[in-house]
Amino acid sequence: LVIAAFAGFALVALLLALFAFDREQQAEAERDRANLAASISRSRELASTALSLEAQTDLALLLHVESLNAADTYEARSGLLTTLRAEPFLSAYLQGHEMHVRATAYNGDGSLIAAGAADGTVRLWDAVTGTSVGAMLSISGGTVNDVAFIGDQVVAAGGGGDIYRWTVTNGEPVGEPLVEHDAVIWSLDAHENRIASGDANGRVIIWDGDTARHTLDAHTGIVYAVAFSPDGSLLATGGEDMTVRLWDAMNGQPVGESITQHSNWVLDLTFSPNGRVMASTGADETVVFWDVSDNTLVGQLPTGHDNWVRSIDFSADGQLFATASADNTVRVWSTNQTALIDDLTTHTDAVWSVNFHPTETRFVSGGADSNLLTWSVELPQRPGVIAYSPAEAMSGQVISDMALAADGDLLATISDTDTVVWRVPISGDAVRSASTEGALLTGLALDVRYTAAVSTDGRLSLWETASGEAPYPPLTVGDSPLQAVAFTPDGETVFTAGDNGLVTRWNTADGTVVSDPIDVGLDGILSLAVSPDGTTIAAGGRNGDIILWDLLTDALIGEPVTVHRAAVETLAFTPDGLSVASGGRDSTIYVWSTDAENREDSLRRLNGHDDWVLDLAVDAGLIVSAGRDNTVMLWDLASGQMLGAPLAGHLDWVTSVVYDPAAQMVYSGGRDRTIIGWTVDPNEWSAMACAISNRDLTPSEWGQYFRDTPYRETCILAQ
């Protein structure tokens, strides 16, 4: 009995322990669910707050990073990408100035940036890393109005009327200040060993080393601008008297008559890199271009700025120029067409200065908001990370389709009659290429073993992906044009379809037709997709209808899907095979269930493109679309909402997109003969945000947004 009693007590104790353990497990699960819900809520709250900070891009980017750190929500991803895309040319904030940045300059090799501010300070920055270099420099007499480099020296002048020089390597002064001016110096430029300076009394001095070589009574008011020509033979000056004058920089004599095209103060001027054209700008908000050989007017550009244009500069190749204005914006222009490329709005107060890098299409801007910003005017825009133009390999032809191998190692492209296979990431020459004779290629599929392409003469061509060898001659069952091709997941079967509305199954091992062509009831097929399990095909027709065909029973699955109002250009199954995404010439994307009974209830329409949707790529959480509107768009599969803004970079139709989920990379190709790689990794986006902000949240900012959390550095988690 005693033993039985002890056994009973033991059993009760065990049951109580198990019950307590189960309750603890339930409580822990409840806590985890509550913490997850709180993290998701916090992520969404931070994303919303960040999107409201239009005037503080660096702070907004950091809060977006924290939003993603809290939870990987749609709002976190979309908000971060939206802000990264809002100013796609913005490279970095150079943090440190506390007052108006009034002057900027690059040194001769573009490795350093100098910036002068209203508090009399000059700072040097590493142009690549965005870090401050050396000690802060300063002048006497207040505001720094202009800066320049002369060899290994940085030069500055301003309110005190003196010119200061320092060695950039150690910040030591070079000699005594140059003191010939008796008024505020407003403008500086340097060429080799010479300096030109202009003051508030209309005088310009050309210095040779420490010597005032020529003193010019150049203008009847403030000399706001001086600039040497690229070869140093000419000096241009402009000022408060609304005139521009040219001078022989060697003897100080005037060259030609005064230029009087401006109707208000001339605030800046610059020469084109070849020295043939001078551009001047100012308070009349226009840019005037002059042929310096004879002082003749080349053209006049209304800039569209709605306040004074304070600064102008050409890019090193002369293809671009930038204007900076008191309306808080910088505008980037194409020189050849004098066409506006972009209106940059990150500054929140008057922009005083803009200067291009001496060899690249990068530039720096400084403004009254105390911000010093660097920019890169290059395509593709962020978050495009690679661009490759295979024009030589493909005879300059447009890219009409692309396919990515399942392992993500190889990318194939077709263009007119050529098929090219590239190793990913694309970094050089093609791995191999093949050409078909005569007819144009219209569709492409890539398997680990085979590359398949179809053409307008009704032929299917296969090559071994590894060797590029054709195992057999091109295959055909007629001369009706083929438009689409797709492999089964195991690569043993390839399907073709085209204008005759038939789907043909081919055995890839020997090139034989597996069975009679399938008449799916469509009047012309433009798109094909095979389900991940290989049991279903989807076909899209010229009339906008889509069918699903069961390969096991050789029968239609439900009624045709008739949501599109025009031809269906592209189809893609979701990885679980439960849904299909379709895109067409009606500019829409639809996502719908493969289950005929649930199709109507599951139907979602994705609107964003304003021209034909030409291709789709789908993964577990992401849809990527390519359009005839020259854009690539990212969509959240769960919600059907667009992630961020459209990705711009292509200069013509984007005909094809593929997605590598392992690398989180999208590749797009199009009629501009270019392949662009876009990172869709949110961790990469966070790293970009941190590089642009070039700082962490300050303790004060942290206290405002994270009162109950101990301070930590935001960007350590993004590295």
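Structure: above.
Note that this is a predicted model, so its numbers are computed, not measured. (Residues numbered from 1 in each chain as written. Predicted model: local features only at pLDDT ≥ 70, side-chain atom pairs only at ≥ 80, totals over all residues. Heavy atoms only, no water.)

### So, the overall build of the protein
Within the protein, the regular secondary structure consists of six helices and 55 strands. Taken along its principal axes, the extent of the C-alpha atoms in the protein is 100 × 95 × 45 Å. Looking at the 719 residues of the protein, the share that counts as buried comes to 56%. Considering only contacts in the protein between residues 6 or more positions apart, those separated by 24 or more positions represent 45%. Between the averaged position of the 36 positive side-chain charges in the protein and that of its 96 negative side-chain charges there is a distance of 3 Å. (Helix = DSSP H or I, 4+ residues; strand = E, 2+ residues; numbered from the N terminus. Buried < 20%, exposed > 50% of the residue type's maximum accessible area, 1.4 Å probe, protein only. Contact = heavy atoms within 4.5 Å. Lys, Arg positive; Asp, Glu negative; His and termini not counted. Charge placed at Lys NZ, Arg CZ, Asp CG, Glu CD.)

### Focus: the state of the cysteines
One pass over the full model with this rule turns up one disulfide. Bridging Cys 690 to Cys 715, the disulfide has an S-S length of 2.1 Å. With the S-S dihedral at roughly -95 degrees, the linkage between Cys 690 and Cys 715 falls on the left-handed side. With Cys 690 in helix H5 (residues 682–693) and Cys 715 in the segment after helix H6 (699–705), this residue pair connects regions lying 25 residues apart in the sequence. With respect to burial, Cys 690 and Cys 715 carry one shared label: buried. (Disulfide = S-S within 2.5 Å.)

### Here we look at the nonpolar core
Core analysis: the largest hydrophobic core is formed by 56 residues, its most contacted members being Leu 63, Leu 84, Val 330, Phe 363, Val 624 and Leu 634. It is helix H2 (residues 57–70) that contributes the most residues to this core, seven residues altogether. Here Val 624 is in contact with Asp 615, Leu 616, Ala 617, Val 632, Met 633, Leu 634, Val 657 and Val 666, once residues within four sequence places are set aside. (Core = buried A, V, L, I, M, F, W, Y, C linked by side-chain atoms within 4.5 Å.)

### Considering the pairing of strand S51 (residues 631–636)
The buried fraction of S51 is high, at six of six residues. Alternating positions in S51 separate into two faces, Thr 631, Met 633 and Trp 635 on one and Val 632, Leu 634 and Asp 636 on the other, with burial throughout. Connecting strand S50 (residues 622–627) to the next strand, S51, in antiparallel fashion are three residues, including Asn 630 with a positive phi near 75 degrees. Here two bridges tie S51 to strand S52 (residues 647–648), and the two strands are oriented antiparallel to one another. Opposite Thr 631, over in S52, you have Ala 648 as the bridge partner. (Pairing = 2+ DSSP bridges.)

### Considerations on the pairing of strand S13 (residues 223–228)
For S13, the buried fraction is high: six of the six residues fall into the buried class. With five bridges joining them, S13 and strand S14 (residues 234–239) adopt antiparallel strand pairing. Looking at the pairing, Ala 225 lines up with Gly 238 of S14. Counting the residues in the hairpin turn of S13 and S14 gives five residues, including Gly 232, whose phi is positive at 80 degrees.

### Thoughts on the sheet that holds strand S30 (residues 410–415)
Within the open sheet, the four strands sit side by side as S29-S30-S31-S32. Their pairing is antiparallel. The open sheet is flanked by strand S29 (401–404) and strand S32 (432–435), the only strands paired with a single partner. Looking at each pair of strands side by side, their axes are set apart by 15 degrees on average, direction ignored. In terms of strand pairing, strand S31 (residues 418–423) meets S32 through four bridges, oriented antiparallel. In the sheet register, Val 421 faces S32, and the bridge partner there is Arg 432. (Axes fitted to C-alpha atoms, helices over the stretch in contact; angles between N-to-C directions.)

### A closer look at the packing of H2 against H5
At a minimum axis separation of 9 Å, H2 and H5 run at an interaxial angle of 150 degrees. By the angle class used here, H2 and H5 are roughly antiparallel. As H2 runs across H5, the sense of the crossing is left-handed. Along the contact surface, H2 presents Asp 58, Leu 61, Leu 62, Val 65 and Leu 68, while H5 presents Pro 682, Ser 686, Ala 689, Cys 690, Ile 692 and Ser 693. Of the residues that constitute the contact of H2 with H5, the class distribution is eight nonpolar, two polar and one charged. (Parallel < 35°, antiparallel > 145°, perpendicular 65-115°, else oblique. Left-handed = near helix turned anticlockwise from the far one by under 90°. Nonpolar A, V, L, I, M, F, W, Y, C, P; charged D, E, K, R; others polar.)

### Considerations on the packing of H2 against helix H3 (residues 74–86)
One can describe the packing of H2 onto H3 by two numbers: an axis separation of 9 Å at closest approach and a directional angle of 155 degrees. In terms of orientation, H2 lies roughly antiparallel with respect to H3. Remark: the crossing between H2 and H3 carries left-handed chirality. Residue-level contacts link Thr 57, Ala 60, Leu 61, His 64, Ser 67 and Leu 68 of H2 to Ala 76, Arg 77, Gly 79, Leu 80, Thr 83 and Leu 84 of H3. When its residues are assigned to classes, the contact of H2 with H3 shows six nonpolar, five polar and one charged.

### Some thoughts on the pattern of salt bridges
For the structure shown, the criterion picks out 19 salt bridges. The partner of Arg 213 in a salt bridge is Asp 208, with the nearest N and O atoms 3.5 Å apart. Among the residues examined, Asp 208 registers a relative accessible area of 31% and is labelled partly exposed. Where Asp 343 meets Arg 331, a salt bridge forms, and the shortest distance between an N and an O atom there is 3.5 Å. Placement of Asp 343 in strand S24 (residues 339–344) and of Arg 331 in strand S23 (residues 330–334) is noted, with a sequence separation of 12 residues between them. Residues joined by salt bridges that share partners form a network here, namely Asp 58, Arg 695 and Glu 701. (Salt bridge = Lys/Arg side-chain N within 4 Å of Asp/Glu carboxyl O.)

### Here we look at the sheet that holds strand S42 (residues 536–541)
Backbone-to-backbone hydrogen bonds pair the strands of a sheet. The strands run either parallel or antiparallel. Here four strands make up an open sheet; going across it, the order is S41-S42-S43-S44 and the pairing antiparallel. Taken across any chain shown, the strands that pair with only one partner, and hence form the sheet edges, are strand S41 (525–530) and strand S44 (555–556). For S42 and strand S43 (residues 546–550), the ladder comprises five bridges, and the chain directions are antiparallel. Looking at the pairing, Ala 538 lines up with Leu 548 of S43.

### Examining the packing of aromatic side chains
Tallying each qualifying case throughout the model produces 11 aromatic pairs. An angle of 75 degrees between the planes, with centres 5.3 Å apart, marks the rings of Trp 186 and Tyr 224 as edge-to-face. Of this pair, Trp 186 sits in strand S9 (residues 185–191) while Tyr 224 sits in strand S13, placing them 38 residues apart in sequence. Taking the relative accessible area as the measure of exposure, Tyr 224 reaches 14% and is therefore buried. Taking the centre distance of 4.3 Å and the plane angle of 25 degrees together, the rings of Trp 702 and Phe 706 count as stacked. As far as burial versus exposure is concerned, Trp 702 and Phe 706 are alike and both buried. Arg 102 extends its terminal NZ or CZ atom over the ring of Trp 352, reaching a point 3.8 Å from the ring centre. (Phe/Tyr/Trp six-rings, centres within 6.5 Å; stacked < 30°, edge-to-face > 60°. Lys NZ or Arg CZ within 6 Å of the ring centre and 35° of its normal.)

### Some details on H2
The end-to-end C-alpha distance of H2 is 20 Å, a good match for the 20 Å that 14 residues give at a rise of 1.5 Å each. With 12 of its 14 residues buried, H2 lies for the most part within the structure. All of the buried residues in H2 are Thr 57, Asp 58, Leu 59, Ala 60, Leu 61, Leu 62, Leu 63, His 64, Val 65, Glu 66, Ser 67 and Leu 68. (Expected span 1.5 Å × (residues − 1).)

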